[in-house]
Amino acid sequence: MNPRLIAAGGTALAKRAFITGITGQDGSYLAELLLKKGYEVHGLIRRASTFNTSRVDHLYLDPHDANASLFLHYGDLSDGARLVTLMAQIKPHEVYNLAAQSHVRVSFEEPEHTGDTTGMGSIRLLEAVRMAGIETRFYQASSSEMFGATPPPQNEETAFYPRSPYGAAKVYSYWVTKNYREAYGMFAVNGILFNHESPRRGETFVTRKITRAVAAIKAGRQDSLYMGNLDAIRDWGYAAEYVEGMWRMLQVDEPEDFVLATGAGYSVKDFLEVSFDHVGLNWHDYVRFDERYLRPTEVDALIGDASKAHAKLGWKATVETPDLARIMVDADVEALRHSGRPWIDSVKLVSWEE
Ligand code: NDP
Ligand code: GDR
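As the structure is a prediction and not an experimental result, all values here were calculated from the model.

So, how was this worked out
Residues numbered from 1 in each chain as written. Chains lettered and ligands numbered in written order. Predicted model: local features only at pLDDT ≥ 70, side-chain atom pairs only at ≥ 80, totals over all residues. Helix = DSSP H or I, 4+ residues; strand = E, 2+ residues; numbered from the N terminus. Contact = placed C-beta atoms within 7 Å. Expected span 1.5 Å × (residues − 1). Buried ≥ 20, exposed ≤ 12 C-beta atoms within 10 Å, placed from the backbone. Near = placed C-beta within 6 Å. Nonpolar A, V, L, I, M, F, W, Y, C, P; charged D, E, K, R; others polar. Domains from an automatic or database assignment. Axes fitted to C-alpha atoms, helices over the stretch in contact; angles between N-to-C directions. Parallel < 35°, antiparallel > 145°, perpendicular 65-115°, else oblique. Left-handed = near helix turned anticlockwise from the far one by under 90°.

A. Structural view of the environment of Asp235. By secondary structure assignment, the location of Asp235 is in the loop between β11 (233–234) and β12 (237–238). Separated by 66 residues in sequence, Asp235 and Ala301 place their C-alpha atoms 8.5 Å apart. Setting aside anything within four residues of it in sequence, one finds Asp235 in contact with Phe194, Asn195, Ala261, Thr262, Gly263, Ala264, Gly265, Leu302, Ile303 and Gly304.

See the structure below:
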């Protein structure tokens, strides 16, 4: 599990990793982990009219700095030629494909874009690896959403029954990853990850939406919180622990697919209760229903069985959902305390979100 390689002259060379989705929640934790392990990390970022690197800014050094080991490259999963160029130039030892249109509700509004990014994006990257002719280990960010309507507990043997364009696109990516493993002998694996959250979670996913609202309500800056289906059950773990599992999947001898999960299910109501309780409030006083947060087809319950990861990778989630909720509330209370008016405005602006 040593990330350094020995070159012909005996010099230690850093292993190179390439991460798509480095600006997202998981990408930022994974970059942090790999840098700590001594990797040279390369990340794919999308060109935007505003800066979109806030989650990795704390890791970034000017490339002219001799200590720089994080390098960012413009590109997009919709641009296959660019991916080939990057693979050929960087020649990474490990590729982590974390980029995706990752919001399930949004995938009903942008199904074609979701298919193009979350589905086709994966085969573009796999093809780029193949066309560049490099030897690398490939991680695909597969999802418990692939199980969809199949009841829990779900593990590596559970049948897929996706319930959204997002889930269906992830099933496609799962199978092409497996196919490239079988067809070309590539070390390509699927990490089938159940929901994992953190203070860096995107603001429109249910956990972060709740914890941000709790902080704003407690501070007297928001009166109510509009939500959809409160009965959905999820297995919410802590993202910082899950990226360690991703890395371990690429360090074993044989490429295999693994589920990562805590093994415990909680409802959205449970998450509301713990989060509001933590600041001494009763969620019933603030939460309102808005049908636009419902999905045309819902995934009722996801609870993972990660015993294979425990047995073969020595990986186990240690942060349970109630503790995670409290970590996230504390972080949002703190963030609010340290920011001024612009943040208040952004709280108001979230009303359009999913
Ligand atoms: P985020 O939504 O936080 O991050 C998504 C990343 O993908 C961002 O860096 C985003 O860039 C990038 N991206 C989106 N579209 C493109 C594109 N066309 N080309 C290049 N980059 C793109 O997701 P998470 O970090 O939460 O999740 C990481 C991966 O794991 C995703 O694939 C997700 O579907 C999957 N997953 C997540 C789970 C979870 O609970 N978090 C569970 C199971 C799977 P930008 O910042 O510019 O928008
Ligand atoms: P999910 O996450 O769909 O599981 O996908 P999300 O947090 O969006 O929803 C979880 C559950 O909460 C219900 N819900 C609401 N959801 C949102 N976003 N907003 C609301 O107001 C709301 N009210 C109730 C939802 O209906 C759902 O049942 C996440 C993503 O990270 C995917 O990329 C990943 O693959 C899966 O987790 C595993």
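There is more to say after this.
B. Local environment of helix α6 (residues 206–218). Over its 13 residues, α6 extends 18 Å from the first C-alpha to the last, a length consistent with the 18 Å expected when each residue adds 1.5 Å. Burial analysis of α6 places 12 of its 13 residues in the buried class, which makes it a mostly covered element. Three or more residues of α6 are buried, namely Val206, Thr207, Arg208, Lys209, Ile210, Thr211, Arg212, Ala213, Val214, Ala215, Ala216 and Ile217. Just past α6, the residue Gly220 takes up positive phi, approximately 75°.

C. Spatial organisation of the site of ligand 2. The environment of ligand 2 is formed by 23 residues, the closest being Val104, Ser143, Val206, Gly228 and Ala232. When residues of the shell around ligand 2 are traced back to their parent elements, those giving at least two are α3 (104–109) and α6. Looking at the shell around ligand 2 residue by residue, the class counts come to 9 nonpolar, 7 polar and 7 charged. Mapping the shell around ligand 2 onto the domain boundaries places at least three of its residues in each of domain 1 (14–198 + 237–260) and domain 2 (206–234 + 264–303 + 320–352).

D. Spotlight on the site of ligand 1. Close to ligand 1 lie 26 residues, the nearest being Gly21, Gly24, Ala99, Ala100 and Ala141. Per-element accounting of the shell around ligand 1 gives the leading share, 3 residues, to helix α1 (residues 25–36). Residue classes in the shell around ligand 1 are distributed as 7 nonpolar, 16 polar and 3 charged.

E. Examining the packing of helix α2 (residues 80–90) against helix α4 (residues 111–132) more closely. Where α2 contacts α4, the two axes come as close as 8 Å, and the packing angle between them is 45°. Here α4 runs oblique to α2, going by the angle between their axes. Pair α2 / α4 crosses with right-handed handedness. Across from Gly80, Leu83, Val84, Met87 and Ala88 in α2, the residues of α4 making contact are Arg124, Leu125, Glu127, Ala128, Val129, Met131 and Ala132. Partitioned by chemical class, the residues of the contact of α2 with α4 number 9 nonpolar, 1 polar and 2 charged.

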